[in-house]
Amino acid sequence: MEINMATAPSPLTDPPYRRHAPHPLHAILLAFPVALFSSALLSDITYLNSAEMQWSNFSAWLITGGLIFGAPVLLWSAIALVRRRKLPTRTPALAYFLLILIMWIAGLVNAFKHSQDAWSSVGTTGVTLSALSTLAAIAAAWLLHAAKEPRA
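Trainee: Break down the nonpolar core for me, with residues and values.
Mentor: Leu-30, Phe-37, Ile-63, Val-73, Tyr-96, Ile-100 and Met-103 are the most contacted members of the largest nonpolar core, which totals 19 residues. Where this core is concerned, the elements lending two or more residues are helix H1 (24–50), helix H2 (53–83), helix H3 (90–114) and helix H4 (123–146). The residues touching Tyr-96, leaving out its near neighbours within four places in the chain, are His-26, Leu-30, Val-73, Ser-77, Ala-140, Leu-143 and Leu-144.

Trainee: Break down the packing of H1 against H4 for me, citing the residues and quoting the values.
Mentor: Relative to each other, H1 and H4 sit at 155°, their axes nearing to 9 Å. Relative to H4, the element H1 lies roughly antiparallel. Seen from above, H1 lies across H4 with left-handed handedness. Looking at side-chain class alone, the contact of H1 with H4 contains 15 nonpolar, 8 polar and 1 charged residues.

Trainee: Please give an account of the environment of Ile-100 that cites residues and values.
Mentor: Here Ile-100 lies in helix H3. Between the alpha carbons of Ile-100 and Ser-133 there is a distance of 8.8 Å; along the sequence they are 33 residues apart. With sequence-adjacent residues up to four places away left out, Ile-100 is seen in contact with Leu-30, Val-73, Leu-74, Ser-77 and Ala-140.

Trainee: Quick rundown of the packing of aromatic side chains? Include the residues and the values.
Mentor: Evaluation of the coordinates by the stated rule reveals 3 aromatic pairs. Aromatic ring contacts, followed pair by pair, group Trp-55, Phe-58 and Trp-61 into a single cluster.

Trainee: Describe in detail a nonpolar patch on the surface, supporting the description with residues and values.
Mentor: There is a patch of nonpolar side chains on the surface, built from Trp-55, Phe-58 and Trp-61 and spanning about 320 Å² of accessible area. Position of Phe-58 relative to the elements: it lies in helix H2.

Trainee: Got a sec to walk through the side chain of Ser-59? Specific residues and values, please.
Mentor: Tracing the chain through its elements places Ser-59 in helix H2. Among the residues examined, Ser-59 registers a relative accessible area of 0% and is labelled buried. Polar side-chain contacts of Ser-59 include one of 3.2 Å to the backbone oxygen of Ala-40.

Trainee: Go over H1, please, and point to the residues and values.
Mentor: Its 27 residues give H1 an end-to-end C-alpha distance of 39 Å, which sits within 8% of 39 Å, the value for a rise of 1.5 Å per residue. Those residues of H1 lying buried are His-26, Ala-27, Leu-29, Leu-30, Pro-33, Leu-36, Phe-37, Ala-40, Leu-41, Ser-43, Asp-44 and Tyr-47.

Trainee: Account for the side chain of Ser-133, naming residues and giving values.
Mentor: Its location among the elements puts Ser-133 in helix H4. Reaching out from Ser-133, the side chain makes a polar contact with the backbone oxygen of Ser-130 at a distance of 3.1 Å. Every residue in contact with Ser-133, bar those within four places of it in the chain, is listed here: Phe-37, Met-103, Ala-106 and Gly-107.

Cut-offs used in this document
Residues numbered from 1 in each chain as written. Predicted model: local features only at pLDDT ≥ 70, side-chain atom pairs only at ≥ 80, totals over all residues. Heavy atoms only, no water. Core = buried A, V, L, I, M, F, W, Y, C linked by side-chain atoms within 4.5 Å. Buried < 20%, exposed > 50% of the residue type's maximum accessible area, 1.4 Å probe, protein only. Helix = DSSP H or I, 4+ residues; strand = E, 2+ residues; numbered from the N terminus. Contact = heavy atoms within 4.5 Å. Axes fitted to C-alpha atoms, helices over the stretch in contact; angles between N-to-C directions. Parallel < 35°, antiparallel > 145°, perpendicular 65-115°, else oblique. Left-handed = near helix turned anticlockwise from the far one by under 90°. Nonpolar A, V, L, I, M, F, W, Y, C, P; charged D, E, K, R; others polar. Phe/Tyr/Trp six-rings, centres within 6.5 Å; stacked < 30°, edge-to-face > 60°. Patch = residues over 30% accessible without salt bridge, like charges linked within 9 Å, V, L, I, M, F, W, Y side chains within 5 Å. Areas by Shrake-Rupley, 256 points an atom, 1.4 Å probe, with all protein chains shown as cover. Salt bridge = Lys/Arg side-chain N within 4 Å of Asp/Glu carboxyl O. Polar contact = N/O pair within 3.5 Å; in protein donor to acceptor, adjacent residues only side chain to side chain. Expected span 1.5 Å × (residues − 1).

Have a look at this one:
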């Protein structure tokens, strides 16, 4: 049995895993919740330090935008999870889906929280939910762009 050295994988040049690049539209859509939820967290912190009600309004608008752009990302990740259910790379897809789901649910509860009046619209609960949705969005983006799958 002869091995053709030109096509055999080399541990020096071919890693055992290759990066699976996300679809460009998926990556673009995910960038919005990362930016919008992060900005909402910053405006919540600014509101707590200034008590200027407009910062709470900014947060509510940013959270709404994060939810709007996060909905197709959530749908996309659910479809990807179903499509990979029998592949060995299902674990990153499941973790990614769960992070997006946490991001979206925390953002939705946060949107309801921010719809309340005055100081109670942000407070400790609002900042905590903003931080949770921000961290979940950043972790999901990290996982999406660092995902690897076995070399074929």
